[in-house]
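Listed below, chain by chain, are the residues.
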Amino acid sequence: MSNEIAAKTPLTQLSAWKALAAHAEELRGQHLRELFAADPERGTKFRLEAEGIYLDYAKNRITAKTLELLLKLAEESGLRERIDAMFRGEKINITEDRAVLHVALRAPKGATIKVDGENVVPAVHEVLDRMAAFAERVRNGEWKGFTGKPIKNVINVGIGGSDLGPVMAYEALKHYSRRDMNFRFVSNVDGTDFAEATQDLAADETLFIISSKTFTTLETMTNAHTARKWALESLKDEKAIAKHFVAVSTNEKEVTKFGIDTANMFGFWDWVGGRYSMDSAIGLSTMLAVGPENFRRLLAGFHAMDEHFRTAAFDKNLPVILGLLSVWYNDFFDAQTVAILPYEQYLKRFPAYLQQLTMESNGKHVTLSGATVDYQTGPVYWGEPGTNGQHSFYQLIHQGTKLIPCDFIGFAKTLNPLGNHHDLLMANVFAQSEALAFGKTAEEVKAEGVPEWLVPHKVFEGNRPSNTLLLKELTPEALGKLIALYEHIVFTQGVVWQVNSFDQWGVELGKVLAKKIAGELEGDAELKHDSSTNTLITRYKELRG
């Protein structure tokens, strides 16, 4: 561990943190109604526009002083130095001694990003070019299955970052995808996931992408071997595996053993974390769906946001401002969750994708130096697309007892123009953020003639913060920018909280115990767990018969 990390001033001892704590007390009693009344131009002051994303953050419980102190906190936290260290390829993932270079996955040809003295960009583009060549062969029918038929069905088998990214990207970019091909995703070790994904498919027209860096991930390899068995029940010949399975992995030995031709093995690197890997070879299913050109447009969007984050002054930096605002609510207003509310049906899986990105990254209770934190770190991220969510959980956001900051995401143009649908959709975006901010007073309710006893039930407190992100249209570039935006929001949060956003030891213990219990479920070994777990295992075996 570097001396710099070991000697870092504890977060709560930074002068900006202390000033923010005092400032939060001053602001706590102020309402957004008052802030807007005091400054009619507020809506034009607290806004940013960069890389095709317009951010309105005026409906936050902040003043110019808040912003000044938050930016000072970023400075005192060494955010600029940490950004530069990441882009230089330094091993900022200290617990695994790895660089953190998902930004290299979308760097253009000719760029230089070094790890251990070696420029990794040429290797990235070599894999991208191989992916593109393979995708074109499948898409144009040149790649044939074992019986000579072209591929009509693609099933991605993975879990976590090897599944959530590809699923989200496929749904988000469905408008640009091949409609004469089926794309499905299997992740859960629950056999129902595999059974339903393959129920109506023919094996001789189906291609499986097995996405596992190590080719040992329990859930993925269980599903992979089930897929292998399913294919052979129809195709009868072991040689068929090489025509119907490809691998996204780095374990050549296990890939070969499985029966996959290593010419169809697409690798990535240990400096790519799983939840940051959708623009690596893990995105092969995305490329097959939308084509190499659209996939490169997606990467261009990622890179544009990377460069904005790397170079923009912090007061004009979208990820920095949004990351600092989330720290403000999480640590000074006890807001334990963040709602992600895309008003775009194609982004229906975006909140689920962000759950892993944010909570696996910053769900940490110790700092980089190993000290236990005495403040809140990663909030819970959740959400659903609008307007569905309005008829579900918005009641709690508007009138519940919890403060839930919201990110609204909308687009000026729809990809499916139908009458006035889109204007109605966007009217709801603007109305919801306005209602959350300003609410409805008892006086306003009474003025409508509501009976006195009913008035409290119809009062909206307001003062509920939100950001609104407005883009022109959901293109591959726009999707890349949005994803990279939240990646760098996570980075900003992690630097301030002094945690390692790039390991995930918290997923290990349950996996180790599950492997042990799986063996116990098959035999009669003495159970040596706690009394609750022993009883559950025993009862399960009785019920199973």
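Here the structure is a predicted model, which is why all the values come from computation and not from measurement.

Asker: Would you mind showing me how to read the domain arrangement of the protein chain here?
Answerer: For an interface, size is often stated in terms of accessible area lost upon the parts coming together. Along its sequence, the protein chain is carved into domain 1 (45-77 + 312-497), domain 2 (103-295) and domain 3 (506-544). Relative to domain 2, the C-alpha centre of domain 1 lies at a distance of 33 Å. Listed as interface residues are 22 residues of domain 1 and, on the opposing side, 20 residues of domain 2. Both faces combined, the contact of domain 1 with domain 2 buries some 1900 Å², and carbon together with sulfur accounts for 62% of it. Counting across the domain 1 and domain 2 interface gives 3 salt bridges. Contributions of two or more residues to the side of domain 1 that touches domain 2 are made by α16 (350-362) and α21 (476-497). A breakdown of the residues in the side of domain 1 that touches domain 2 according to their chemical character gives 13 nonpolar, 5 polar and 4 charged.

Asker: For this particular structure, what's the right way to read the packing of helix α7 (residues 121-139) against helix α14 (residues 292-311)?
Answerer: Helix-helix packing: each pair is described by the crossing angle between the helix axes and the interaxial distance. Running from amino to carboxyl end, α7 crosses α14 at an angle of 145 degrees, the nearest separation of the two axes being 10 Å. Counting all contacts with α7, which are made through H125, L128, D129, M131, A132, A135, E136 and R139, the residues of α14 involved are P292, F295, R296 and L299. Tallied by class, residues from the contact of α7 with α14 come to 7 nonpolar, 1 polar and 4 charged.

Asker: For this particular structure, what's the right way to read the UniProt feature "active site" (unreviewed entry) in the protein chain?
Answerer: According to UniProt, the feature "active site" (unreviewed entry) maps to E360, H391 and K511 in the numbering used here. Across 152 residues, the annotated set is spatially dispersed, with a maximum C-alpha separation of 36.9 Å. Note on placement: E360 falls in helix α16. Of note is the side chain of E360, whose polar atom sits 2.9 Å from the side chain of R275. Of the residues examined, K511 reaches a relative accessible area of 42% and is grouped as partly exposed.

Asker: Sorry, what's going on with unusual backbone geometry here?
Answerer: Negative phi values dominate among residues other than glycine, just as trans dominates among peptide bonds. The linkage connecting G386 with the following residue, T387, adopts the cis geometry, with an omega of 10 degrees. Turning to its location among the elements, T387 is positioned in the loop between β11 (380-382) and α17 (394-399). With a phi close to 50 degrees, D97 is a non-glycine residue in the positive phi region. With respect to the element layout, D97 can be found in the loop between α6 (79-88) and β3 (114-115).

Asker: Even after reading the chapter, I still don't get the sheet that holds strand β7 (residues 206-211), so can you show me in this structure?
Answerer: Strand pairing in a sheet relies on backbone hydrogen bonds. The paired strands run either parallel or antiparallel. Reading across from one edge, β6-β5-β7-β8-β9 is the order of the 5 strands in this open sheet, with parallel pairing throughout. The sheet terminates laterally at β6 (182-186) and β9 (265-266), the two strands that pair on one side only. Of the strand pairs in this sheet, strand β5 (residues 153-157) and β7 are connected by 5 bridges, and their pairing is parallel. What sits directly across from V157, in β7, is I210. The strands touched by helix α10 (residues 218-235) are β5, β6, β7 and β8 (245-248); relative to β7, the strand with the most contacts, the crossing angle is about 160 degrees.

Asker: I'm lost on helix α23 (residues 531-544) in this one. Help?
Answerer: Structurally, the α-helix is built with 3.6 residues per turn, so residues lying three or four positions apart point the same way. For α23, with 14 residues, the first-to-last C-alpha span of 20 Å sits near the 20 Å given by 1.5 Å per residue. Looking one or two places after α23, you find G545, whose phi comes out positive at around 80 degrees.

Asker: Looking at this structure, how should I read the nonpolar core?
Answerer: Generally speaking, soluble globular proteins have nonpolar side chains that are buried together. In terms of nonpolar packing, the biggest core is built from 133 residues, with W271, L288, W328, F350, I409, L485 and Y486 touching the most fellow members. Here the element with the most residues in this core is α21; it accounts for 13 residues. Counting contributing residues per domain, this core is built from domain 1 (45-77 + 312-497) and domain 2 (103-295), each supplying no fewer than three. In this view, I409 contacts I340, L341, P342, Y343, L347, F350, L469, L471, L482 and Y486; residues no more than four positions away in its chain are not counted. Core analysis: the second largest hydrophobic core is formed by 25 residues, I155, A197, A203 and F208 among them.

About the cut-offs
- Residues numbered from 1 in each chain as written.
- Predicted model: local features only at pLDDT ≥ 70, side-chain atom pairs only at ≥ 80, totals over all residues.
- Heavy atoms only, no water.
- Domains from an automatic or database assignment.
- Contact = heavy atoms within 4.5 Å.
- Buried area = accessible area lost by both parts, 1.4 Å probe.
- Salt bridge = Lys/Arg side-chain N within 4 Å of Asp/Glu carboxyl O.
- Helix = DSSP H or I, 4+ residues; strand = E, 2+ residues; numbered from the N terminus.
- Nonpolar A, V, L, I, M, F, W, Y, C, P; charged D, E, K, R; others polar.
- Axes fitted to C-alpha atoms, helices over the stretch in contact; angles between N-to-C directions.
- UniProt positions renumbered as here; feature names shortened; annotations may be inferred.
- Polar contact = N/O pair within 3.5 Å; in protein donor to acceptor, adjacent residues only side chain to side chain.
- Buried < 20%, exposed > 50% of the residue type's maximum accessible area, 1.4 Å probe, protein only.
- Pairing = 2+ DSSP bridges.
- Expected span 1.5 Å × (residues − 1).
- Core = buried A, V, L, I, M, F, W, Y, C linked by side-chain atoms within 4.5 Å.

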